[in-house]
Amino acid sequence: MPAGTEEEKQRAAIAAAALVEDGMTVGLGTGSTVAYLLPALAARDLSLRCVATSPQTEWAALQLGLRVEPFTVAHLDIAIDGADQISPEGWLVKGAGAAHTREKLVAATAERFVVIADSTKPVRALHPPIPLELLAFGLESTLARLGTVQRRGVPISPDGGVIADFIGEFSDPADLARRLESTPGMVDHGLFPPDMVSIIFVAQGQSVERRDVSPR
Ligand code: 5RP
């Protein structure tokens, strides 16, 4: 099975869906790996209350009969989402689908945040681009202060944010995360620290490796 196949995404998604129990509140991520999670969850026929991180996920989940509610709770039992890059320490880069702001908020709300990935996602060291969501107000000023940033040619986020990518080199994701967070005009960035991540499932061919990163 070649790396990064649809089968790998599906295997990782099924492994994560098996962690979900009847009665849970569930955060649903966004992307092509999550597209396999939704039917895997629906097939379990559990009574779940879900929160979606994007209109695309909400629509797909509703089509499958999952119950999706507005995000009005302060606690979720579990959230499951994909990633663009996974470092050996458990840092993630997310946001290729431009949903990282909502994804981070949902992940932070969940007791356990579970990442599902195919074998192309683990990397030796994180690298650019790092997705950003920026306030539209004062955008030129924010872009100028960030420097090595490119606007992405995608629509504004459902929350009105402008999607861009930090394309500068970096060696320490914690340093870069601090720098991005201290930049006025930043809504959020796509760096997720290991202490936010509970479990990572990476599918490699026929098998799925489980890594417990930061038990909460
Ligand atoms: C969307 C995301 C996705 O989770 C990430 O881009 C992975 O997507 P895919 O499963 O399609 O590779 O962060 O904002």
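This is a predicted model, so every value here is computed, not measured.

Observations regarding the domain arrangement of the protein chain
Here the domain parsing of the protein chain yields domain 1 (3-123 + 192-205) and domain 2 (130-188). The centre of domain 1, based on its C-alpha atoms, is set 23 Å off from the matching centre of domain 2. With 12 residues of domain 1 in contact, the opposing surface of domain 2 contributes 13 residues. Across the domain 1/domain 2 interface, buried area totals approximately 1,000 Å², and carbon plus sulfur atoms make up 61% of it.

Side note on the nonpolar core
Membership of the largest hydrophobic core comes to 27 residues, with the highest contact counts inside it found for V26, L41 and I116. Looking at this core, the elements with two or more residues in it are α1 (6-17), β1 (25-28), α2 (34-43), β2 (49-52), β3 (76-81), β6 (110-117) and β12 (199-204). When sequence neighbours within four positions are dropped, the list of residues in contact with I116 reads A12, A13, A16, T33, V34, L37, I80, D81, G82, A83 and F201. Counting 20 residues, the second largest nonpolar core, distinct from the first, contains V93, L126, L143 and A177.

Brief notes about the environment of A174
For A174, the position within the fold is in helix α6 (residues 173-181). C-alpha separation for the pair A174 and L19, spaced 155 residues apart in sequence, amounts to 30 Å.

Overview of the sheet that holds β12
The mixed open sheet is built from six strands, whose spatial order is β2-β1-β3-β6-β12-β13. Single-partner strands in this sheet number two, and they are β2 and β13 (207-212). Averaged over all pairs of adjacent strands, the angle between their axes in this sheet comes to 20 degrees, without regard to strand direction. Where β1 meets β2, four bridges bridge the pair, whose relative direction is parallel. By the bridge assignment, T25 is partnered in β2 with R49.

As for the site of the ligand
Around the ligand lies a shell of 17 residues, among which S32, T33, D84, G95 and K121 are the nearest. Side-chain polar atom of D84 to an oxygen atom of the ligand: 2.5 Å apart, as the coordinates give it. K121 places a polar side-chain atom, nitrogen or oxygen, 2.7 Å from an oxygen atom of the ligand. Expressed as a share of its isolated accessible area of 380 Å², the protein-covered part of the ligand is 91%. Of the residues contributing to the shell around the ligand, the split by class is four nonpolar, eight polar and five charged.

Rules used in this analysis
Residues numbered from 1 in each chain as written. Predicted model: local features only at pLDDT ≥ 70, side-chain atom pairs only at ≥ 80, totals over all residues. Heavy atoms only, no water. Domains from an automatic or database assignment. Contact = heavy atoms within 4.5 Å. Buried area = accessible area lost by both parts, 1.4 Å probe. Core = buried A, V, L, I, M, F, W, Y, C linked by side-chain atoms within 4.5 Å. Buried < 20%, exposed > 50% of the residue type's maximum accessible area, 1.4 Å probe, protein only. Helix = DSSP H or I, 4+ residues; strand = E, 2+ residues; numbered from the N terminus. Pairing = 2+ DSSP bridges. Axes fitted to C-alpha atoms, helices over the stretch in contact; angles between N-to-C directions. Near = heavy atom within 4 Å. Polar contact = N/O pair within 3.5 Å; in protein donor to acceptor, adjacent residues only side chain to side chain. Areas by Shrake-Rupley, 256 points an atom, 1.4 Å probe, with all protein chains shown as cover. Nonpolar A, V, L, I, M, F, W, Y, C, P; charged D, E, K, R; others polar.

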